[in-house]
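Single-letter residue listing:
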Amino acid sequence: MNPQMAYLVGMVLGNGEVQRKSDSTTITVEIPHKNLIDDAGREVSVYVKSSLADIRNVIEPLIGNSLPISQNRRATQISFTKNNEDYTMREILRFIGTGVHHSTMSMNEELFHMTTDEKKELLRGIADVTGYIRRSNIAFGQDGCHRVYIEIPGNWQLVIDIANMLKVLDIPVQTIDFGHPNFRDSNLKKYNSGQQYYWKKEHQIKIWANEFLPIGFNIVHKQNALQMYAEELLEYLDEAKTHKFYWEKPIRRREKPYHPMENDSSLPETIRGKHFESWTELAGALGYHE
């Protein structure tokens, strides 16, 4: 393992897909453009394109050849194919578990024993393909309360893996908006209107902008926004307030009604059939706790 490999593994875990054949394997990673225009009014696809030279410099020495890239207005895709016996390919597949899509991948336990720099690169790889920071990510509607969102569709285990990797690096999660009926449809409004699966949305890990600076982004427009919003945050909030894990703060619980989809088969067995009043209860049950 080295920082370059950690970054590539992070990109695959965050938004990758694996296609295996009898003699070769292709890995494709997508970098969504999320918004076509950033908060400064500049075209996101142009910024992603300008970042690709740095990303290529990281990945191409690992795969031993040039990195094919395709782009449209809404996403940039990178992909590479290698023989199944290739050492780099075998290591990548080992580190991402048995999943062949980012929704089913998980972090190999070895990743938690990497160096600090390698852990940061892993998280940066994940953030480059799943992370966003925009003015609309503000917390509580309060000036300066800027956050990074890491959005993970469907993969419960990866959410907890990321939160625990951040914890190892002493970076608190501000909150996790789980794709769970107790949080995405807590008053049953959508369920009662006939949208019983409305709550099945991506999980959102939210981190104060200043706390995420040690990780950062390789995607230029994201890094620029992170630095700007982190500086603005510190004009309104003290670091002592942002640098707290949930178990170091009073826990807010708001009583929620029972939701019929709490027993949905798509929920992990460890939480299926259980009711949660706070995201901290759910995070603790899944393995993110002190």
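Preceding block: the structure.
These numbers come from a predicted model, not from an experiment.

Taking 1.5 Å per residue, 14 residues should reach 20 Å; helix α8 (residues 220-233) reaches 20 Å between its end C-alpha atoms and fits that length. The set of residues buried in α8 consists of His-221, Lys-222, Gln-223, Ala-225, Leu-226, Tyr-229, Ala-230 and Leu-233.

On to the sheet that holds strand β4 (residues 75-83), then. Each strand in a sheet pairs with another by means of backbone hydrogen bonds, the pair being arranged parallel or else antiparallel. Taken together, 4 strands build an open sheet; the order of strands is β1-β2-β4-β3 and the sheet is antiparallel. A strand with exactly one partner marks an edge of an open sheet, and here the two such strands are β1 (16-20) and β3 (69-71). Strand after strand, the sheet turns through a mean of 20° between neighbouring axes, direction not considered. As paired elements, strand β2 (residues 24-32) and β4 share 9 bridges and run antiparallel to each other. Along β4, the bridge assignment pairs Glu-30 with Gln-77.

Let us look at the packing of aromatic side chains. Per the stated rule, a full pass over the model turns up 7 aromatic pairs. The interplanar angle of 10° and the centroid separation of 5.9 Å between the aromatic rings of Trp-156 and Phe-178 together place this pair among those described as stacked. One end of the pair, Trp-156, is in helix α5 (residues 156-168); the other, Phe-178, is in the loop between β7 (175-177) and α6 (181-184), with 22 residues separating them in the sequence. Across the pair, Phe-178 and Trp-156 agree in class, each one buried. Centroid distance Phe-212 to Phe-217: 5.5 Å. Interplanar angle 45°. Geometry classified as tilted. Here Phe-212 matches Phe-217 in class, with each residue buried. In textbook terms, an aromatic cluster arises when at least three aromatic residues are bridged by ring pairs, as seen for Phe-245, Tyr-246, Trp-247, Trp-279 and Tyr-288.

This next bit is on the packing of helix α4 (residues 116-130) against α5. Between α4 and α5, whose axes approach to 10 Å, the crossing angle comes to 140°. Viewed along their axes, α4 and α5 adopt a mutual orientation that is oblique. In the crossing of α4 with α5, the sense of the turn from one axis to the other is left-handed. Here α4 contributes Lys-119, Leu-122, Leu-123 and Ile-126 to the contact with α5, which in turn contributes Ile-162, Met-165, Leu-166 and Val-168. Split by residue class, the contact of α4 with α5 holds 7 nonpolar, no polar and 1 charged.

Relative to β2, β1 runs antiparallel, the two sharing 5 bridges. Bridge pairing links Val-18 to Ile-27 in β2. Between β1 and β2, which pair antiparallel and follow one another directly, the connecting turn spans 3 residues.

Cut-offs and rules
Residues numbered from 1 in each chain as written. Predicted model: local features only at pLDDT ≥ 70, side-chain atom pairs only at ≥ 80, totals over all residues. Heavy atoms only, no water. Helix = DSSP H or I, 4+ residues; strand = E, 2+ residues; numbered from the N terminus. Expected span 1.5 Å × (residues − 1). Buried < 20%, exposed > 50% of the residue type's maximum accessible area, 1.4 Å probe, protein only. Pairing = 2+ DSSP bridges. Axes fitted to C-alpha atoms, helices over the stretch in contact; angles between N-to-C directions. Phe/Tyr/Trp six-rings, centres within 6.5 Å; stacked < 30°, edge-to-face > 60°. Parallel < 35°, antiparallel > 145°, perpendicular 65-115°, else oblique. Left-handed = near helix turned anticlockwise from the far one by under 90°. Contact = heavy atoms within 4.5 Å. Nonpolar A, V, L, I, M, F, W, Y, C, P; charged D, E, K, R; others polar.

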